[in-house]
Amino acid sequence: MGVLDTLTNGGLAVLSVLAVAAFLQAAWTIWFGPRWERTPAGSLLPGLLSPGPRERMRGYVDAAEAAFTQKRLPHTAPLVAAARLLLGPTASWLAIQGHLLRYVNQLDGGAKRWIAFLVKTAPQLGLAGTLVGVSGGLAHFAADPSSTHLIIESFAFAITTTLWGVGIAVLGMCTSRLMWQPYLERVYALAEQQATHVLHQSVQPLTKRIRHAGTEPRRARGRRR
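These lines cover the structure that appears in this document, whether it is placed above or below. It should be emphasised that the depicted structure is a prediction, and the values quoted were computed from it without experimental measurement.

What to know about the overall build of the protein
Helices and strands together make up the secondary structure of the protein, namely 6 helices and 0 strands. Its helices and strands in sequence order give the protein the pattern α-α-α-α-α-α, from N to C terminus. For the protein, the share of sequence-separated contacts (at least 6 apart) that also reach a separation of at least 24 residues comes to 77%. Summed over all atoms, the accessible surface of the protein reaches about 14,100 Å², with 65% contributed by carbon and sulfur.

Observations concerning the layout of surface pockets
By volume, the largest pocket amounts to about 690 Å³. As for the largest pocket, its lining consists of 29 residues, of which Gln25, Thr29, Leu107, Trp180 and Tyr183 are closest to the centre. Take the lining of the largest pocket: its biggest share by element is 7 residues, from helix 1 (residues 2-32). Of the residues that constitute the lining of the largest pocket, the class distribution is 19 nonpolar, 9 polar and 1 charged.

Looking at the pattern of salt bridges
Tallied over the entire structure, the rule returns 3 salt bridges. Residues Glu37 and Arg35 are paired through a salt bridge, measuring 2.8 Å at the closest nitrogen-oxygen approach. A relative accessible area of 51% means that Arg35 is categorised as exposed. Between Arg84 and Glu65 there is a salt bridge; the shortest N-O distance is 2.5 Å. In this pair, Arg84 sits in helix 3 (residues 77-87) while Glu65 sits in helix 2 (residues 54-71), placing the two residues 19 residues apart along the sequence. Each of Asp62, Glu65 and Arg84 takes part in salt bridges that share partners, so that together they form one network.

A closer look at the packing of aromatic side chains
Within a pair of aromatic rings, the relevant descriptors are the distance that separates the centres and the angle that separates the planes. Summed over all chains, the structure comprises 4 aromatic pairs. Between Trp28 and Phe32, the ring centres sit 6.0 Å apart and the planes meet at 25°, which makes this aromatic pair stacked. Of this pair, Trp28 and Phe32 both sit in helix 1, 4 residues apart, roughly one helical turn. Just as Trp28 is exposed, Phe32 falls in that class too. Measuring from centroid to centroid gives 6.3 Å for Trp36 and Tyr103, while their planes differ by 55°, and the two rings are tilted. Of the two residues, Trp36 is situated in the loop between helix 1 and helix 2 and Tyr103 in helix 4 (residues 93-108); the sequence distance between them amounts to 67 residues. When its relative accessible area of 3% is taken as the criterion, Tyr103 is described as buried.

About the criteria used
Residues numbered from 1 in each chain as written. Predicted model: local features only at pLDDT ≥ 70, side-chain atom pairs only at ≥ 80, totals over all residues. Heavy atoms only, no water. Helix = DSSP H or I, 4+ residues; strand = E, 2+ residues; numbered from the N terminus. Contact = heavy atoms within 4.5 Å. Areas by Shrake-Rupley, 256 points an atom, 1.4 Å probe, with all protein chains shown as cover. 1 Å grid on protein atoms, 1.4 Å probe; cavity = no way out; pocket = protein on both sides within 12 Å on 5 of 7 lines; lining within 4 Å. Points joined across faces, edges and corners; volume = space filled by probe spheres on them. Nonpolar A, V, L, I, M, F, W, Y, C, P; charged D, E, K, R; others polar. Salt bridge = Lys/Arg side-chain N within 4 Å of Asp/Glu carboxyl O. Buried < 20%, exposed > 50% of the residue type's maximum accessible area, 1.4 Å probe, protein only. Phe/Tyr/Trp six-rings, centres within 6.5 Å; stacked < 30°, edge-to-face > 60°.

Printed below as a string of C-alpha coordinates:
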(Lines give C-alpha, C1' and ligand atoms only; values in the text may rest on other atoms or scores of the structure.)
Protein backbone atom coordinates (compact mmCIF):
# COMPACT_ATOMS: atom_id res chain seq x y z
CA MET A 1 0.00 0.00 0.00
CA GLY A 2 2.95 2.32 0.65
CA VAL A 3 4.07 2.06 -3.00
CA LEU A 4 0.64 3.18 -4.23
CA ASP A 5 0.66 6.11 -1.82
CA THR A 6 4.08 7.19 -3.08
CA LEU A 7 3.06 6.90 -6.73
CA THR A 8 -0.12 8.89 -6.16
CA ASN A 9 1.65 11.65 -4.25
CA GLY A 10 4.47 11.75 -6.79
CA GLY A 11 2.09 11.98 -9.73
CA LEU A 12 0.07 14.75 -8.12
CA ALA A 13 3.26 16.62 -7.25
CA VAL A 14 4.43 16.48 -10.88
CA LEU A 15 1.04 17.67 -12.14
CA SER A 16 1.10 20.49 -9.59
CA VAL A 17 4.47 21.69 -10.86
CA LEU A 18 3.23 21.60 -14.46
CA ALA A 19 0.03 23.47 -13.58
CA VAL A 20 1.88 26.17 -11.67
CA ALA A 21 4.42 26.49 -14.52
CA ALA A 22 1.59 26.91 -17.06
CA PHE A 23 -0.05 29.54 -14.87
CA LEU A 24 3.20 31.49 -14.41
CA GLN A 25 3.96 31.37 -18.13
CA ALA A 26 0.49 32.65 -19.01
CA ALA A 27 0.69 35.35 -16.34
CA TRP A 28 4.10 36.51 -17.55
CA THR A 29 2.99 36.62 -21.18
CA ILE A 30 -0.29 38.42 -20.53
CA TRP A 31 0.43 40.73 -17.60
CA PHE A 32 4.18 41.35 -17.51
CA GLY A 33 5.31 40.73 -21.08
CA PRO A 34 5.11 43.35 -23.86
CA ARG A 35 1.76 43.78 -25.56
CA TRP A 36 1.50 41.89 -28.82
CA GLU A 37 1.07 44.98 -31.00
CA ARG A 38 4.35 46.34 -29.63
CA THR A 39 6.33 43.22 -30.48
CA PRO A 40 8.19 42.91 -33.82
CA ALA A 41 5.62 40.40 -35.08
CA GLY A 42 2.72 42.61 -34.00
CA SER A 43 4.16 45.63 -35.81
CA LEU A 44 4.53 43.82 -39.16
CA LEU A 45 1.04 44.41 -40.57
CA PRO A 46 0.72 48.06 -39.36
CA GLY A 47 3.94 48.78 -41.26
CA LEU A 48 2.07 48.04 -44.48
CA LEU A 49 -0.26 50.98 -43.83
CA SER A 50 2.43 53.58 -44.55
CA PRO A 51 2.01 55.17 -47.99
CA GLY A 52 4.38 53.97 -50.65
CA PRO A 53 4.71 51.74 -53.70
CA ARG A 54 4.13 48.04 -53.42
CA GLU A 55 7.77 47.28 -54.27
CA ARG A 56 8.93 49.18 -51.18
CA MET A 57 6.35 47.37 -49.05
CA ARG A 58 7.57 44.02 -50.35
CA GLY A 59 11.09 45.01 -49.41
CA TYR A 60 9.80 45.91 -45.94
CA VAL A 61 8.28 42.43 -45.57
CA ASP A 62 11.53 40.80 -46.77
CA ALA A 63 13.51 42.81 -44.23
CA ALA A 64 11.05 41.90 -41.46
CA GLU A 65 11.30 38.21 -42.34
CA ALA A 66 15.11 38.41 -42.25
CA ALA A 67 14.93 40.14 -38.85
CA PHE A 68 12.58 37.46 -37.54
CA THR A 69 15.01 34.77 -38.67
CA GLN A 70 18.00 36.59 -37.18
CA LYS A 71 16.27 37.16 -33.84
CA ARG A 72 14.98 33.57 -33.91
CA LEU A 73 11.39 34.62 -33.39
CA PRO A 74 9.31 31.45 -33.70
CA HIS A 75 5.99 30.98 -35.46
CA THR A 76 6.24 34.12 -37.64
CA ALA A 77 6.14 32.40 -41.04
CA PRO A 78 2.29 32.42 -41.30
CA LEU A 79 2.23 36.13 -40.44
CA VAL A 80 4.78 36.88 -43.18
CA ALA A 81 2.73 34.79 -45.63
CA ALA A 82 -0.38 36.81 -44.76
CA ALA A 83 1.52 40.06 -45.37
CA ARG A 84 2.67 38.82 -48.78
CA LEU A 85 -0.91 37.93 -49.71
CA LEU A 86 -2.05 41.41 -48.71
CA LEU A 87 0.52 42.91 -51.08
CA GLY A 88 -0.36 40.56 -53.93
CA PRO A 89 -2.46 41.52 -56.94
CA THR A 90 -5.38 39.35 -55.80
CA ALA A 91 -5.73 38.99 -52.03
CA SER A 92 -7.86 36.05 -50.88
CA TRP A 93 -9.38 36.98 -47.55
CA LEU A 94 -10.02 33.35 -46.61
CA ALA A 95 -6.37 32.50 -47.25
CA ILE A 96 -5.27 35.50 -45.16
CA GLN A 97 -7.52 34.43 -42.29
CA GLY A 98 -6.12 30.91 -42.55
CA HIS A 99 -2.56 32.22 -42.17
CA LEU A 100 -3.55 34.39 -39.21
CA LEU A 101 -5.24 31.42 -37.56
CA ARG A 102 -2.14 29.30 -38.15
CA TYR A 103 -0.03 32.01 -36.55
CA VAL A 104 -2.21 32.08 -33.43
CA ASN A 105 -2.23 28.28 -33.19
CA GLN A 106 1.56 28.18 -33.45
CA LEU A 107 1.80 31.00 -30.94
CA ASP A 108 -0.11 28.77 -28.54
CA GLY A 109 2.62 26.14 -28.86
CA GLY A 110 0.40 23.35 -27.60
CA ALA A 111 -0.21 25.04 -24.25
CA LYS A 112 -3.96 24.46 -24.41
CA ARG A 113 -3.43 20.74 -25.06
CA TRP A 114 -1.08 20.44 -22.08
CA ILE A 115 -3.50 22.30 -19.84
CA ALA A 116 -6.36 20.09 -21.05
CA PHE A 117 -4.20 17.06 -20.18
CA LEU A 118 -3.68 18.41 -16.67
CA VAL A 119 -7.39 19.16 -16.23
CA LYS A 120 -8.36 15.63 -17.25
CA THR A 121 -5.55 13.72 -15.52
CA ALA A 122 -5.41 15.43 -12.13
CA PRO A 123 -8.96 14.54 -10.96
CA GLN A 124 -8.47 10.95 -12.12
CA LEU A 125 -5.23 10.69 -10.19
CA GLY A 126 -6.96 12.24 -7.19
CA LEU A 127 -9.71 9.64 -7.51
CA ALA A 128 -7.03 6.93 -7.58
CA GLY A 129 -5.66 8.36 -4.34
CA THR A 130 -9.17 8.28 -2.90
CA LEU A 131 -9.54 4.60 -3.73
CA VAL A 132 -6.10 3.83 -2.31
CA GLY A 133 -6.87 5.69 0.93
CA VAL A 134 -10.32 4.15 1.40
CA SER A 135 -9.05 0.65 0.68
CA GLY A 136 -6.21 1.18 3.14
CA GLY A 137 -8.60 2.38 5.81
CA LEU A 138 -10.86 -0.61 5.29
CA ALA A 139 -7.86 -2.94 5.43
CA HIS A 140 -6.73 -1.42 8.73
CA PHE A 141 -10.27 -1.70 10.10
CA ALA A 142 -10.51 -5.37 9.07
CA ALA A 143 -7.14 -6.14 10.66
CA ASP A 144 -7.74 -4.21 13.89
CA PRO A 145 -11.00 -2.26 14.43
CA SER A 146 -9.44 -0.43 17.37
CA SER A 147 -6.65 1.12 15.22
CA THR A 148 -8.55 4.37 14.75
CA HIS A 149 -5.38 6.36 14.14
CA LEU A 150 -4.43 4.35 11.04
CA ILE A 151 -8.00 4.33 9.76
CA ILE A 152 -8.37 8.11 10.08
CA GLU A 153 -4.94 8.60 8.48
CA SER A 154 -5.98 6.50 5.48
CA PHE A 155 -9.24 8.39 5.00
CA ALA A 156 -7.42 11.70 5.43
CA PHE A 157 -5.09 10.63 2.60
CA ALA A 158 -8.12 9.85 0.46
CA ILE A 159 -9.69 13.27 1.07
CA THR A 160 -6.39 15.11 0.58
CA THR A 161 -5.63 13.51 -2.78
CA THR A 162 -9.16 14.22 -3.97
CA LEU A 163 -8.91 17.90 -3.08
CA TRP A 164 -5.40 18.03 -4.54
CA GLY A 165 -6.52 16.67 -7.89
CA VAL A 166 -9.55 18.97 -8.03
CA GLY A 167 -7.37 21.97 -7.15
CA ILE A 168 -4.97 21.23 -10.01
CA ALA A 169 -7.90 20.90 -12.41
CA VAL A 170 -9.40 24.22 -11.26
CA LEU A 171 -6.04 25.99 -11.66
CA GLY A 172 -5.65 24.54 -15.15
CA MET A 173 -9.17 25.55 -16.19
CA CYS A 174 -8.69 29.10 -14.89
CA THR A 175 -5.38 29.38 -16.73
CA SER A 176 -6.88 28.14 -19.99
CA ARG A 177 -10.35 29.72 -20.00
CA LEU A 178 -9.72 32.99 -18.17
CA MET A 179 -6.15 33.81 -19.25
CA TRP A 180 -4.64 31.99 -22.21
CA GLN A 181 -7.67 31.55 -24.47
CA PRO A 182 -8.78 35.22 -24.23
CA TYR A 183 -5.20 36.32 -24.92
CA LEU A 184 -5.01 34.24 -28.12
CA GLU A 185 -8.42 35.48 -29.23
CA ARG A 186 -7.31 39.07 -28.65
CA VAL A 187 -4.14 38.53 -30.70
CA TYR A 188 -6.17 37.04 -33.54
CA ALA A 189 -8.68 39.91 -33.43
CA LEU A 190 -5.89 42.51 -33.55
CA ALA A 191 -4.14 40.75 -36.44
CA GLU A 192 -7.40 40.43 -38.34
CA GLN A 193 -8.19 44.11 -37.76
CA GLN A 194 -4.75 45.14 -39.02
CA ALA A 195 -5.10 42.94 -42.09
CA THR A 196 -8.52 44.44 -42.78
CA HIS A 197 -7.07 47.97 -42.69
CA VAL A 198 -4.28 47.00 -45.09
CA LEU A 199 -6.71 45.32 -47.46
CA HIS A 200 -9.05 48.33 -47.34
CA GLN A 201 -6.14 50.65 -48.11
CA SER A 202 -5.13 48.57 -51.12
CA VAL A 203 -8.69 48.32 -52.48
CA GLN A 204 -9.68 51.97 -51.97
CA PRO A 205 -7.33 53.53 -54.57
CA LEU A 206 -8.46 50.96 -57.13
CA THR A 207 -12.09 51.84 -56.43
CA LYS A 208 -11.35 55.52 -56.90
CA ARG A 209 -9.65 54.83 -60.24
CA ILE A 210 -12.66 52.79 -61.40
CA ARG A 211 -15.06 55.58 -60.40
CA HIS A 212 -12.88 58.17 -62.11
CA ALA A 213 -12.76 56.10 -65.28
CA GLY A 214 -16.54 55.73 -65.21
CA THR A 215 -17.26 59.45 -64.78
CA GLU A 216 -14.75 60.78 -67.29
CA PRO A 217 -16.77 59.94 -70.46
CA ARG A 218 -19.87 61.57 -68.96
CA ARG A 219 -18.02 64.82 -68.46
CA ALA A 220 -16.71 64.66 -72.00
CA ARG A 221 -20.21 64.08 -73.34
CA GLY A 222 -21.56 66.99 -71.35
CA ARG A 223 -18.95 69.27 -72.81
CA ARG A 224 -19.79 68.11 -76.35
CA ARG A 225 -23.41 69.03 -75.80
